[in-house]
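Close look at the chain arrangement
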Amino acid sequence: MPIQSIARHQWRPHIAISVTLLVVLTAAMGWLRLIHYRDQPLSLTYGLPLLLCLWYPSRPLLWSLVASFVSMAAYKAFVLLPGDMPAEFSPALHWSFQVVNLLSVAVVVHLVLRSLESLQVKNAQLEHSNQELIAREEEISRQNEELQAQTEELAQQNEEIQQQSEEVQQQAEELQAQTAELELANRALERRQALLENLLQSLHGIDEAGDAPRRACESVLTLLGDAAVSAAIVVRSGGELVVRGSAGRIPVSEERRPLAGSLAAIVIEHRRTAAIADLRLRPDLLVPAAAEADGPAFRASLAAPLRLDGQPAGALEVYSDRPHEWTREQFRIVEWAAAQASLILEARRLHDRLLATNASLETQVRQRTLELQELVNELEHFSYTITHDLRAPLRAMHGYAGMLEEECLASLNEAGRNYLTRISTAARRMDQLITDALSYSKAVRHELKMTPIDPVRLLRGMIDSYPVFQPPNSRIELMEGIPSVLANEAGLTQCFSNLLSNAVKFVPSGVTPHVRIRAERSSNAVRLWFEDNGIGIAPAMQPRLFKMFQRLSKHYDGTGIGLALVRKVAERMGGRVGVESEPGKGSRFWIDLNAAP
């Protein structure tokens, strides 16, 4: 009987009795300590009632009492006693001693109960074992009675048995000889079984060198012993048989041979193992030649089918150099080995197919990559051509507008001067749009070389180079503690330039732009913050802010490419960008970059 079954038959405490004892003991201890001796710190331990669990073993009852008594002791120590006790009395120390005492007794009782339960289980096991032993003794006693009755019957037939003693003795000797033969056969079978298991383990996995069929043939010959001198694995290829691996004292020729008329053809057609005890009695069968020209001819053969994709596709053949009656055990060995060889060939076939597929995919990837590279080159050439062709007429338009403004501005009326201003503004804006688009295209195509960059040095250089970033036009504040980052200097310059330009541009009329730049370091990343006092950004606009041609307001000039360029360059440098903003409360743009090592 299992331990779980024995445990189910053990005594279990009744929940009603446990609850009753919990209530009674808690009430009794509460009356004694909280009512009768309300104002006195008794030395009587709370642990004494826990000893009742040794009489009524229940660990849930034990720890329920512990929880109840700990709460009761805390109530008395911290609520009832402090008001009437001297100043040197410490409620926490008094309660701690009682809790330690209570837990010590509870742990001891808990361990005793566990030991008792363990003893109960062991006693139940011993009792069960004793019952089984008693049943066996009764069975043996009954068998002894039957044997005794048989002995009496044999005694009555003693005279007849005496007359046949010589014949019985002879039969006993024959049985002993057969027993010895069976023991030898069993030992040989165990040895061959062990060899077969080693064969199965050694042939697992994909055979990269293609040596597994030969090793399978060697293992089969080892299992068959002197019964076979050669083994070969042959696979059907059209109307011929191809040797995939062979081994043996007399090697099989690896030349292709016809499938028709061979023992392998019979095995494949009937899908079962076949054997020929003497090949000379079957002149209709084609016998494979030995690899050695002067080698002896094969006289007996045993073959089992090989299956690929569930269909017979070849055979595992073994040969003997003398006539041989193949045994059932040898049939089984060859069939087992054929099944394993089938798995080897199937795995090899799938592996070759996978390699061919991978090679085909690699070729397709290379072709597609070349096609994409050619397309990218054409697009790049087209981009530069369009950019050059577009900017040439724009420069001419802007130049002629400037000449017209210098020579004929006085002769133009108000509407003419307005039209001239609009032509110049549109030309400049279109030129800036083309320049920004070209910058975005370069950021997408070109590889960015990453080096450690000091953002403070880069920002100070930009502030010193552009008057728009200097007082009184604007006030840009660089906070301390900005660490170096791993970035591309040209790309980071583009990001900083666009963020600063937007920060000083999008401010209410009459307000001096104020930009505060600071950094936060976390692990291997750095977040740079650009905080401004501008007009702010509506929440509905923020998800589209970093996309191409998204303008914040029609009242401010811009191409709608700057922030898209910031996002693309930051991503190319392994970072990202974002914004936190509310209308009328300014904006807080951030850019995450890898910290410099």
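Residues numbered from 1 in each chain as written. Predicted model: local features only at pLDDT ≥ 70, side-chain atom pairs only at ≥ 80, totals over all residues. Heavy atoms only, no water.

Before going further, it helps to spend a moment on the pairing of strand β10 (residues 514-522). The pairing of strand β8 (residues 475-478) with β10 spans 4 bridges and is classified as parallel. Within the sheet, the bridge partner assigned to I476 lies in β10 and is V515. Two strands pair when backbone bridges link them, and β10 and strand β11 (residues 525-531) are joined in this way by 7 bridges, in the antiparallel orientation. Each bridged residue has a counterpart across the sheet, and for R516 the counterpart in β11 is E531. Hairpin connection, β10 to β11: the antiparallel pair is bridged by 2 residues, and S523 has positive phi, about 55 degrees. (Pairing = 2+ DSSP bridges. Helix = DSSP H or I, 4+ residues; strand = E, 2+ residues; numbered from the N terminus.)

Among the structural elements, S342 can be located in helix α10 (residues 328-408). Take S342: its relative accessible area is 8%, and that puts it in the buried class. Among the polar contacts listed, one links the side chain of S342 to the backbone nitrogen of R307, at a separation of 3.0 Å. Polar contacts involving the side chain of S342 include one to the main-chain carbonyl oxygen of A338, which spans 2.8 Å. Once residues within four sequence positions are removed from consideration, S342 is found in contact with P305, L306, R307 and L308. (Buried < 20%, exposed > 50% of the residue type's maximum accessible area, 1.4 Å probe, protein only. Polar contact = N/O pair within 3.5 Å; in protein donor to acceptor, adjacent residues only side chain to side chain. Contact = heavy atoms within 4.5 Å.)

A word on a nonpolar patch on the surface. Judged by side-chain polarity, L48, L51, L54, V108, V112, L116 and L119 come together as a nonpolar surface patch covering roughly 550 Å² of accessible area. Per element, the largest residue contribution to the nonpolar patch is 4 residues, and it comes from helix α5 (residues 91-156). Residue placement: V112 occurs in helix α5. For V112, a relative accessible area of 34% puts it in the partly exposed group. (Patch = residues over 30% accessible without salt bridge, like charges linked within 9 Å, V, L, I, M, F, W, Y side chains within 5 Å. Areas by Shrake-Rupley, 256 points an atom, 1.4 Å probe, with all protein chains shown as cover. Salt bridge = Lys/Arg side-chain N within 4 Å of Asp/Glu carboxyl O.)

Helix-helix packing is characterised by the crossing angle of the two axes and by the distance between the axes. Packing of helix α4 (residues 59-80) against α5 leaves a shortest axis separation of 10 Å and a crossing angle of 175 degrees. In terms of axis orientation, α4 runs roughly antiparallel to α5. Here the contact of α4 with α5 is composed, by residue class, of 19 nonpolar, 3 polar and 3 charged. (Axes fitted to C-alpha atoms, helices over the stretch in contact; angles between N-to-C directions. Parallel < 35°, antiparallel > 145°, perpendicular 65-115°, else oblique. Nonpolar A, V, L, I, M, F, W, Y, C, P; charged D, E, K, R; others polar.)

It is at 9 Å that the axes of helix α13 (residues 489-505) and helix α14 (residues 562-572) come closest, and there the two elements cross at 145 degrees. Viewed along their axes, α13 and α14 form a crossing whose handedness is left-handed. Contacts between α13 and α14 involve G491, Q494, C495, N498, L499 and N502 from the first element and G562, L563, L565, V566, V569 and A570 from the second. Taken together, the residues that form the contact of α13 with α14 break down as 7 nonpolar, 5 polar and no charged. (Left-handed = near helix turned anticlockwise from the far one by under 90°.)

Spatially, 6 strands are ordered β3-β2-β1-β6-β5-β4 in an open sheet, and the strand pairing comes out antiparallel. The outermost strands of the open sheet, each flanked by one partner alone, are β3 (257-258) and β4 (274-276). For strand β1 (residues 230-237) and strand β6 (residues 311-320), the ladder comprises 6 bridges, and the chain directions are antiparallel. Counted as the bridge partner of A231 is V318 from β6.

Before going further, it helps to spend a moment on the confidence of the model for the protein chain. Chain-level statistics for the protein chain give a pLDDT mean of 78 and a share of 81% at 70 or above. The element-level mean pLDDT for the protein chain is lowest in helix α1 (residues 3-8), coming to 48, with β11 highest at 94. Taken together, the stretch residues 3-9 has pLDDT below 50 and engages in 7 contacts with residues farther than four places along the chain or on a different chain. (pLDDT = per-residue confidence, 0-100.)

Considering all chains together, one arrives at 3 aromatic pairs under this definition. The aromatic ring of W590 is capped on one face by R527, whose charged end is 3.8 Å from the ring centroid. The ring of W529 is capped by R588, whose NZ or CZ atom sits 4.1 Å from the centre of that ring. (Phe/Tyr/Trp six-rings, centres within 6.5 Å; stacked < 30°, edge-to-face > 60°. Lys NZ or Arg CZ within 6 Å of the ring centre and 35° of its normal.)

Turning our eyes to something else, we now look at unusual backbone geometry. Here the amide bond leading from P471 into P472 is cis, since omega sits at 0 degrees, within 30 degrees of zero. Even without glycine at this site, R271 takes up a positive phi of about 60 degrees. Tracing the backbone through its elements, the reader meets R271 in the loop between α9 (263-270) and β4. A relative accessible area of 45% places R271 in the partly exposed class. If you check the backbone angles, S523 has positive phi at about 55 degrees while not being a glycine. Turning to its location among the elements, S523 is positioned in the loop between β10 and β11. With a relative accessible area of 64%, S523 lands in the exposed category.

Let us look at the pattern of salt bridges. When their charged atoms lie close together, side chains carrying opposite charge are able to pair. Across all of its chains, the model carries 20 salt bridges by this definition. A salt bridge links R142 to E146; the shortest N-O distance between them is 2.5 Å. Of this pair, R142 and E146 both sit in helix α5, 4 residues apart, which is roughly one turn of that helix. Judged by relative accessible area, which is 36%, R142 ranks as partly exposed. Residue E146 is classed as partly exposed on the basis of its relative accessible area, which comes to 39%. Residues E582 and K585 are paired through a salt bridge, measuring 3.3 Å at the closest nitrogen-oxygen approach. Its relative accessible area of 42% is what places E582 among the partly exposed residues. Each of R516, R518, E520, E531, E580 and R588 takes part in a single network of salt bridges with overlapping partners.

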